[in-house]
Every structure is written in C-alpha cells, then in structure tokens.
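Working through the structure, step by step
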Amino acid sequence: MTGTEYLSNRLTTALKKKDFAEPGEITIGLERPKFAEHGDLATNVAILLARKLKRNPREIATDIVQALELDPDVVTSAEIAGAGFINFRFGNGFYHNELRTILDAGSRFGQADWGNKKRVQIEFVSANPTGPLNIVSARAAAVGDVLANLLQAVDCDVEREYYVNDAGRQIRLLGMSVSARYMALLGQTEDFPEEGYHGLYIHELAQQLVDESGDQFAKMEQAERWKALSELALEKLLASQKEVLHSYRLNFDSWFREKKLRENNSHIDVLKTLTDKGFVFEKDGAKWFKSTQFGDEKDRVLITGEGEPTYFLVDVAYHADKYNRGFEKLHDLWGPDHHGYIKRMQAALLALGYQEGSFEVTIIQQVNLFQKGEVVKMSKRAGKIIEMKELLDEVGVDVARFFFIARRTQSPLDFDMDLAKNTSEENPVFYVQYAHARICNIINKAVAQGISLPKQVNLSPLDKKEELLLIKKLIEFPQTVSKAAKYLEPHRIPTYLQELAATFHKFYHHHRVVTDDVELAQARLGLIKGVQIVLANAFKLLGISAPERM
RNA sequence: GCGCCAGUAGCUCAGCUGGAUAGAGCAACGGACUUCUAAUCCGUAGGUCACAGGUUCGAAUCCUGUCUGGCGUACCA
C-alpha cells in the first residue's frame, strides 16, 4: 500500500468517527509539500471542512489528528501547520518497504489497472500519402505513440491507427504530377498540373518508375496512365512513410484506407442515417448538416452542388466506422490547421447518437524548425519540406522523441536543430540517459568486486538524506504515469525523468555505492537498482533507449 | 469581426488541475576529478507569473475585460 492510500484510508475513518464527513463525501487531497520541512505528505481536508462545519480549520485539524489511528512504525509524526494543513512524516522503514515493492514489481512498476481494458483507439500522423513525412508528423508520431504507451500502462486496450487518405483530388494530382515528370524523363511533354506536387521526391519517383518499368506507362492512354501512376506512387510513398516510422520505433496496428470506406458506400449510409434523423436539409443544390444544433457555429455541407461527397462526410463515416469496430473511446491527434474542424465532427457524432465525450481531439501544435537562428519554412505543396527522415538522420531517434514529448502538445514548439545536434551538455536526453549508464557501470563494478544484490536485501542501512529523497522520488512514478495517461499529458514523463536523474546524480556525488561495508553496499545496490528500474520503465514509455554505457 | 492556442528568469520550458516562501535546464560568474564515468556535482546572481478587475481562508492556476503573438474561420482535402 502506498503512503497516500494508507493515509487516505485512515483519514476517511477519522472523519467518519468524528462525524465530519461520510466516506466519499469529500475528496481527501494528499500532496507532497513543496518544502521538505513540511513533511512527506500533507492534506488540506481540515481547510476544506472549515466552511461546511463553520469552524476554525486549525481546530478541525486538531480534532482530526486526535481521532487518527496511525501505526507509529509507518507514520512518525502528524503536525498541524499554516492555515490548517496536516503534515505527515513517514518512518524510514516505510520507505524501505516501498523500495522493496519497486524491486519486486520490476518492469511492471508504474503500471495501473484503472483503464479496465477499455477499448481505445488513437489515430495519429495520418498525413497525406502524397509525399514524405515532415517534421510536424514526427511530433505527432512521438506524442501519439507515447500516449498509446501510457494508456496501455494503465490497462487500456489500445490500437494505433493511421488513416490513409488514398482517395480524392490530391491522389489524382499526385498521379498527374508523377506522370508529367515521368513523360519528361522519356523525352515527351505533358503539362504539369496546376497545384501539382513540385517536390524533388516526385522526380525521384518518376526516375524509379523509368528504371523499373521503362516506357510501359507512356504507351497507355493518358487517363489510364494517371490512374496507374497515382496508385503506384501512392503505394511507394506509403511504403517509405512506413519505413521512416519503423525506424522511429513506431508501428501502427492498423492502416485504414479511405478508399475502402468509399467503396463500401459508408458515407452514403451515414448520410441516410443523418437524413432519417432529420439533421439534413437542402440549400443551393447542396445537402447540409444542421451542425449548429449541436453547438457548431455554422451548418456544414455534406454533398456538394455537383453531387460529390465532401471530405467531411467521408470523415464522419470514418469515425462512425471506428465505433462500429468496437472502440469505446476515440482519440485523434490533429494538426493546428484543423482545430476549427473539431466542433463539426463532434456535432456529427453526437447527431449519430454516439456518447458525448467519447471522441476527443488533441491538437498538436506547430513545429518551428530553427537552423542557425532562423526559421526554416516548410510547405509540402511548394516542395520545400523538412523531412522527418532528415531530422532523424541529424539528431537521432532518442533526441527527436524526447524533444517532442518534453513540451505540452498545445504549445508551439521551437526545434533548434543545431542545439539538438550539438547536444553535449545542454541536452536533457543525455542527462537522463547518463544516469542509467552510470548505474549499469556501478553494478558492473560491484559484481567485479564480488558484491551483488541478494534476493532478500536488508535495506535498513539506507538512512541518509539523499538516499531517502531518492526513494521518495521513485515512489512518485506510478502517480506520474497515471496522471500523464489520465490528462493525456505525456510531457510529464520527461519532466519527471529529469527530476529523478537530478536526484540520482546528487546522491552519486554524496555517497559511494561500492564500499568495504558490504551490508551498506548491498542496500545501496538495491537503491540504485530501483532507480534503474524506474528509468528503464520510463524510457520504455517514451520509446527511447536505456544505454548501458555512454 | 468571431473561434482556438499561447504569454512565468536574458533564452527554452516545468509548475502535479486552487495550497504554504515561484522551479529546472541553458547562458553568466565562482568552486569540485588520485574516487563507482566531470555527459556530473556545489554555490552566486537573475521574477510586477502580459495588464486590470473579480471569486475566497488562499490565485501563476478559476471568472470577466484589455493588450500582444500564432493558427483557423471553403460546396479544399
């Protein structure tokens, strides 16, 4: 049992005994105080009760403390302070037990089960398959993957999905763009489409096609060639996207094709359902969805005047399909240019009868890439994009992932390429990884001297300030993971990691692990083993490596 | 105009969903390697939490308004 659980329990009993509150009536907040001299855990229940009971909070606190039945081996003191806080202090034995729990749990430490195997789908990246992945996709990829890891850690049943927009205008444009380049390579001219894709990769693709298939496509009718080349180009680009993502240690469980949706006429079904429910009307020759009824600022077109389904309609069908596949919770990561789109999607899903709040969107804000102090502009259509692969080649997977995760997703991110590359001292990634490498080194050293960690290690020699601080920091890990998962805030993990690494490095400089005092050495081995476990578990959540030497 | 996001140390950012005295890293300055890796540690300095009101025992955090910056506001995808 954790300290929080223990105290929360005892406090509930005490409140009931004094007739202050029924169990569950108020939430008992227990927090680690900012200042160590305030103790290990503090509660503000007395202050919260003050208004209800119309009494002085410090008096209430006194009553609570008197009513508390605490095991003196666990809690060594309960003091009233400030406005009416009750500050608790735990005995060393309590912390030794906590450390033992960590050692026993090993790679499972940090996990929770409140997810209840809920079926969650996270859809992310989903970039147009008309070019290589860019740096914004790299951010989304990291965030989505870590979110999925976090939800899995709290026992959700998570699927990672990539939505492939393989239908519609942009694919036709892709085929035409490739065709024009292809024909040019064969010495024939074909007009380059307006709004076509100018990127260098289009040339490369065309060259590849010439190398593989010669002039085979030049013999076709133009329309036939456009179709054939668009399909071929799409698959090739998709394959290269998969390759980059794989090197980023990200593997999607599902690649869902928009084309399939259209072939099954899923969007027509959705249109029918919405019409039957009375949420569709006609105006100016188009069919509209009454999204204003569900809080959107204006109604949205489903079928254009030309009789074509809009992207929106197909997208609604796509999300309905997710529910049909059995997911209880849908989570999408979208780019900043799509935030205006959230309301209408929520509106449509509500109109279809899906539960409010079961569909959630996180906007992954823009990434500004800096190089030599200047912003590097990127635009897929203009062909000047910063490729994800390029970034990975420059800074490596660990650094890229850590940098992207370390900031709140809703804040724009300035990515300083030179800084991330240069990376000796100022890079936090190495700081935390170094802690892990250091521990591995100490353990090796101990083994070389014939000291190893016994199964039932006696941890009682751990009584120094730095040792106890380290255990206290380790204990925070499960809570950090749970909150990161609950609030969908992966950046809490890197923040925690930096704190943990700092606490460890500090300990390292104050105390030696491998000493002649075997009892002490073994206890400290247990301590750093605990740190190693937590570091490794956190690295795994982030998808970065845990180096044994640096 | 309307909507979303952001504004905290010179820079990049945390701040555990309202708690006690505002926190790191980098940059600056001064120290620590005969030691399990100095990719580290110790210390100094640095703040009107954009601004103004409000809510209450208590606000960087919640509410209202203002200012600044980014993005969005298609019968495009």
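Residues numbered from 1 in each chain as written. Chains lettered and ligands numbered in written order. Predicted model: local features only at pLDDT ≥ 70, side-chain atom pairs only at ≥ 80, totals over all residues. Heavy atoms only, no water.

1. Some details on the packing of aromatic side chains
- Under the definition given, this model contains 22 aromatic pairs.
- On the numbers, 6.2 Å between centres and 20° between planes, the contact of F289 with F294 is stacked.
- Among the residues examined, F289 registers a relative accessible area of 0% and is labelled buried.
- Its relative accessible area of 25% is what places F294 among the partly exposed residues.
- Ring centres 6.2 Å apart and planes at 55° place the aromatic pair W334 and F359 in the tilted group. In this pair, W334 is assigned in strand β11 (residues 329–334) and F359 in strand β12 (residues 359–363), connecting sequence segments 25 residues apart. Both residues of the pair, W334 and F359, belong to the buried class. (Phe/Tyr/Trp six-rings, centres within 6.5 Å; stacked < 30°, edge-to-face > 60°. Buried < 20%, exposed > 50% of the residue type's maximum accessible area, 1.4 Å probe, protein only. Helix = DSSP H or I, 4+ residues; strand = E, 2+ residues; numbered from the N terminus.)

2. Some details on the sheet that holds strand β8 (residues 280–283)
- Read from one edge to the other, the open sheet built from three strands follows the order β8-β9-β10, with strand pairing classed as antiparallel. At either margin of the open sheet sits one strand with a lone partner, and together these are β8 and β10 (300–303). Taking the axes of each pair of neighbouring strands and ignoring which way they run, one obtains an average angle of 45° across the sheet.
- Pairing of strand β9 (residues 286–289) with β10, which is carried by three bridges, proceeds in the antiparallel orientation. Within the sheet, the bridge partner assigned to W288 lies in β10 and is V301. (Pairing = 2+ DSSP bridges. Axes fitted to C-alpha atoms, helices over the stretch in contact; angles between N-to-C directions.)

3. Some remarks on the sheet that holds strand β3 (residues 75–81)
- The antiparallel open sheet is built from four strands, whose spatial order is β1-β2-β4-β3. Each end of this open sheet is capped by a strand with a single partner; those strands are β1 (30–31) and β3.
- Where β1 and strand β2 (residues 41–43) come together, two bridges link them in antiparallel fashion. By the bridge assignment for β2, E31 is matched with A42.
- Sitting on the sheet, helix α3 (residues 57–67) touches β3 and β4 (85–90), and the angle it makes with β3 is about 160°. (Contact = heavy atoms within 4.5 Å.)

4. Here's the deal with the pairing of β11
- Across the six residues of β11, six count as buried, placing the element largely inside the fold.
- Covered by surrounding structure in β11 are K329, H331 and L333 together with L330, D332 and W334, the residues of both alternating faces.
- Two elements, strand β5 (residues 119–123) and β11, share four bridges in a ladder whose sense is parallel. Bridge pairing links V120 to K329 in β11.
- Bridge count between β11 and β12: five bridges; the pairing is parallel. Looking across to β12, one finds that H331 is bridged to E360.
- Once you follow β11 into helix α12 (residues 342–351) and on to β12, the crossover reads as right-handed. (Right-handed = clockwise from strand over helix to strand, strands pointing away.)

5. Let's talk about the protein's contact with RNA strand B
- RNA strand B sits among 61 residues. The nearest are Y434, R438, N441, K483 and H511.
- Q366 is positioned such that a nitrogen or oxygen atom in its side chain is 3.2 Å from a sugar or linking oxygen of RNA strand B.
- At 2.9 Å from a base nitrogen of RNA strand B is found a main-chain nitrogen or oxygen belonging to V513.
- Sorting the residues of the surface near RNA strand B by element identifies α2 (45–53), β4, α6 (169–185), β9, α16 (428–448) and α18 (492–510) as the ones contributing at least two each.
- Here the surface near RNA strand B gets eight residues from one element, more than from any other, and that element is α16.
- Partitioning the surface near RNA strand B into residue classes produces 23 nonpolar, 17 polar and 21 charged. (Near = heavy atom within 4 Å. Polar contact = N/O pair within 3.5 Å; in protein donor to acceptor, adjacent residues only side chain to side chain. Nonpolar A, V, L, I, M, F, W, Y, C, P; charged D, E, K, R; others polar.)

6. Side note on the domain arrangement of chain A
- We note that the domain assignment places domain 1 (3–90), domain 2 (169–237) and domain 3 (425–542) within chain A.
- Each of domain 1 and domain 3 has a C-alpha centre, and these two points are 30 Å apart. (Domains from an automatic or database assignment.)

7. Focus on the confidence of the model for chain A
- On average, chain A scores 91 in pLDDT, and the residues at 70 or more come to 96%.
- Predicted as a complex, the structure gets a pTM of 0.94 and an ipTM equal to 0.94. (pLDDT = per-residue confidence, 0-100.)

8. Examining the packing of helix α13 (residues 388–395) against helix α14 (residues 397–405)
- Two numbers describe how α13 lies on α14: the axes approach to 7 Å, and their chain directions differ by 110°. By the criterion of interaxial angle, the relationship of α13 to α14 is roughly perpendicular. Counted together, L391, L392 and V395 of α13 and V397, V399, A400 and F404 of α14 form the full contact between these two elements.
- Taken together, the residues of the contact of α13 with α14 break down into seven nonpolar, no polar and no charged. (Parallel < 35°, antiparallel > 145°, perpendicular 65-115°, else oblique.)

9. A short note on the pattern of salt bridges
- As enumerated under the stated definition, the model contains 34 salt bridges in all.
- As a salt-bridge pair, K117 and D155 come within 3.1 Å of each other at their nearest N and O atoms. Of the two residues, K117 is situated in the loop between α4 (92–105) and β5 and D155 in the loop between α5 (135–153) and β6 (157–164); the sequence distance between them amounts to 38 residues.
- Taking the shortest distance from any N to any O, the salt bridge between R225 and E190 comes out at 2.4 Å. (Salt bridge = Lys/Arg side-chain N within 4 Å of Asp/Glu carboxyl O.)

10. Topic: the side chain of S266
- Structurally, the position occupied by S266 is in helix α10 (residues 266–276).
- S266 sits in the buried class, given a relative accessible area of 15%.
- Not counting residues up to four positions away in its chain, the partners in contact with S266 are L261 and A317.

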